[in-house]
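# Observations on chain architecture
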Protein chains: 2
Amino acid sequence: MTTSDTATGDPRPLRADAVRNRAKIVEAAKAAFSERGLETQMEDIARRAGVGVGTLYRHFPTKDALVRALIVDKMERMAEHAKAAMKDDGDPWEAFAGVLRKGAEQTVRDRALAQVFSSQPQEAYRTALEDETELAARMAWLLRRAQDAGLARPDADPADIPIVMCGLGAVIHNERNWERYLALMLDGFRNTTVERLPE
Amino acid sequence: MTTSDTATGDPRPLRADAVRNRAKIVEAAKAAFSERGLETQMEDIARRAGVGVGTLYRHFPTKDALVRALIVDKMERMAEHAKAAMKDDGDPWEAFAGVLRKGAEQTVRDRALAQVFSSQPQEAYRTALEDETELAARMAWLLRRAQDAGLARPDADPADIPIVMCGLGAVIHNERNWERYLALMLDGFRNTTVERLPE
DNA sequence: ACTATAACGGAACCATCATTCCGGTTGTCA
DNA sequence: TGACAACCGGAATGATGGTTCCGTTATAGT
């Protein structure tokens, strides 16, 4: 969450109380959205932050802008996990799978994130998000490394990853079974070129 | 879609025009919901059916009731596929996977169904739906048979199936990649007890 | 044909939210 | 310490969409 969410160059520095309030708002929004999801109302957030809606709106021109800011934040954290995994010299498969698991864990704790992953709005976010963070590129790299090591199925495609996350988002808010989902999905990603049966 | 959606015993038979209108409504609702999803407005449906909203509401007391009726319908169709698959003596794995694929195909063509599968409301529907149709029981049977034949992973659980469908619902309305999703997921379901690597 | 009644249509109603407005505060700078 | 812009709060506004109401119309039975 960098300073210029509003994307103003920064003609004048923010006034002290404004800074304070902005922090409270972001804090409250994070909590509210992750607990109650995207349907959280602006007024709830304002109340929770101890400010008026007006104030909320001065800091974020629109609900969508607020959501977006928070989501980008989360995505950046994931992107960092991915970066770390790239430096990890251990099992390439585990490096790849580990990032997905981390992402999943983060998603369970944040209903809004889950919703964004799984529903329409995503469309809107995707380009913006994946362009900003290098998440997609890094995941692709991790996947390829696992493939080169013969651990991931050769025909797996970086484009499959958003699919997995999308499904994950849906699964999460209905069941506690996301671990199950991930397990199945990851097995699907593994290298299974070893023939098993006459078919 | 049986006669008594409104669940009245049936004190008096429905009047001729009422029957006609009900049919038009169901028809319109099916089309509208599958094209535009759950956010379709009641008035759209009414217009499409060539009746007034009032009429719509006399037949279905609530939007939710209407949706539910249509969804149950779809579920019943799936349950029939499952039943057919049970009688099929071919490859047990294909029988199981085939039903999932059929379900997926049906879901791609119906946005509302996809939404129900993937979002919160499902909670509300699930019990009602799966109790009415025997879908769940049948899928469980198909899965077990595939397991007994050594074709599905031994630790797969009937409870995993709703998870798959849930993820599917989410994936579908964002990508054309549902086939990819299913492929990965199904591979996850396969028997992979053959060790591949020293681990 | 005629009436009692079931069914219609669609305007009006109401609840829910995001967003806007503006009179009142507060921080900052001289 | 005073003045002025930057900020604040929260009531009011507007849009959306499900649901209800009621005067009108079609159907079934005589």
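Each remark here, short or long, concerns the structure printed above.
Residues numbered from 1 in each chain as written. Chains lettered and ligands numbered in written order. Predicted model: local features only at pLDDT ≥ 70, side-chain atom pairs only at ≥ 80, totals over all residues. Heavy atoms only, no water.

## Comments concerning the protein's contact with DNA strand C
Near DNA strand C, the surroundings consist of 23 residues, among which K63 of chain A together with R15, N21, G54 and T55 of chain B are the closest. Backbone atoms, meaning sugar and phosphate, make up 65% of the atoms of DNA strand C lying within 4 Å of the protein. Between DNA strand C and M42 of chain A, the relevant distance is 3.1 Å, taken from a phosphate oxygen to a main-chain nitrogen or oxygen of the residue. At 2.9 Å, a side-chain N or O of T62 of chain A approaches a phosphate oxygen of DNA strand C. Those elements that place two or more of their residues in the surface near DNA strand C are helix 1 (16–36) and helix 3 (53–59) of chain A together with helix 1 (16–36) and helix 3 (53–59) of chain B. With five residues, helix 3 of chain B is the largest single contributor of residues to the surface near DNA strand C. Within the surface near DNA strand C, the residues separate by chemical class into eight nonpolar, nine polar and six charged. (Near = heavy atom within 4 Å. Polar contact = N/O pair within 3.5 Å; in protein donor to acceptor, adjacent residues only side chain to side chain. Helix = DSSP H or I, 4+ residues; strand = E, 2+ residues; numbered from the N terminus. Nonpolar A, V, L, I, M, F, W, Y, C, P; charged D, E, K, R; others polar.)

## Section: the protein's contact with DNA strand D
Near DNA strand D you find 24 residues, and of these R15, N21, G54 and T55 of chain A together with K63 of chain B are the closest. The share of sugar and phosphate among atoms of DNA strand D within 4 Å of the protein is 62%. Residue R15 of chain A places a side-chain N or O atom 2.7 Å away from a base nitrogen belonging to DNA strand D. With respect to DNA strand D, the backbone of G54 of chain A contributes an N or O atom lying 3.2 Å from a base oxygen. Every element with two or more residues in the surface near DNA strand D is listed here: helix 1 and helix 3 of chain A together with helix 1 and helix 3 of chain B. Split into classes, the residues belonging to the surface near DNA strand D amount to eight nonpolar, nine polar and seven charged.

## A few points about the packing of aromatic side chains
The tally for this structure, following the rule as stated, stands at four aromatic pairs over all chains. Residues W93 of chain A and F96 of chain A carry aromatic rings whose centres are separated by 5.8 Å and whose planes lie at 50° to one another, so their mutual orientation is tilted. Here F96 of chain A and W93 of chain A lie together in helix 5 (residues 92–108), a separation of three residues that amounts to about one turn. In this pair, the class of W93 of chain A matches that of F96 of chain A, namely buried. Pairing F96 of chain B with F189 of chain B gives two aromatic rings, centres 5.9 Å apart and planes at 55°, and the pair type is tilted. You can see F96 of chain B sitting in helix 5 (residues 92–108) and its partner F189 of chain B sitting in helix 10 (residues 178–189), a full 93 residues away along the chain. Exposure remark for F189 of chain B: the relative accessible area of 1% places this residue in the buried category. Taken together, the ring pairs in this structure connect W93, F96 and F189 of chain A into an aromatic cluster. (Phe/Tyr/Trp six-rings, centres within 6.5 Å; stacked < 30°, edge-to-face > 60°. Buried < 20%, exposed > 50% of the residue type's maximum accessible area, 1.4 Å probe, protein only.)

## A look at the packing of helix 9 (residues 160–172) of chain A against helix 10 (residues 178–189) of chain A
Residue and element names in this part refer to chain A. At a minimum axis separation of 9 Å, helix 9 and helix 10 run at an interaxial angle of 160°. In terms of axis orientation, helix 9 runs roughly antiparallel to helix 10. In the packing of helix 9 onto helix 10, the handedness of the crossing is right-handed. Mapping the contact onto sequence places D160, I163, V164, G167, L168, V171 and I172 in helix 9 and W178, Y181, M185 and F189 in helix 10. Taken together, the residues that form the contact of helix 9 with helix 10 break down as nine nonpolar, one polar and one charged. (Axes fitted to C-alpha atoms, helices over the stretch in contact; angles between N-to-C directions. Parallel < 35°, antiparallel > 145°, perpendicular 65-115°, else oblique. Left-handed = near helix turned anticlockwise from the far one by under 90°. Contact = heavy atoms within 4.5 Å.)

## Structural notes on the packing of helix 4 (residues 63–87) of chain B against helix 8 (residues 135–148) of chain B
All names here are of chain B. Interaxial distance between helix 4 and helix 8 falls to 9 Å at its minimum, and their mutual angle equals 30°. Relative to helix 8, helix 4 is oriented roughly parallel. When the axes of helix 4 and helix 8 are compared, the crossing they make is left-handed. Where helix 4 abuts helix 8, its residues M75, M78, A79, E80, A82, K83, A85 and M86 lie against L135, R138, M139, W141, L142 and R145. Within the contact of helix 4 with helix 8, the residues separate by chemical class into 10 nonpolar, no polar and four charged.

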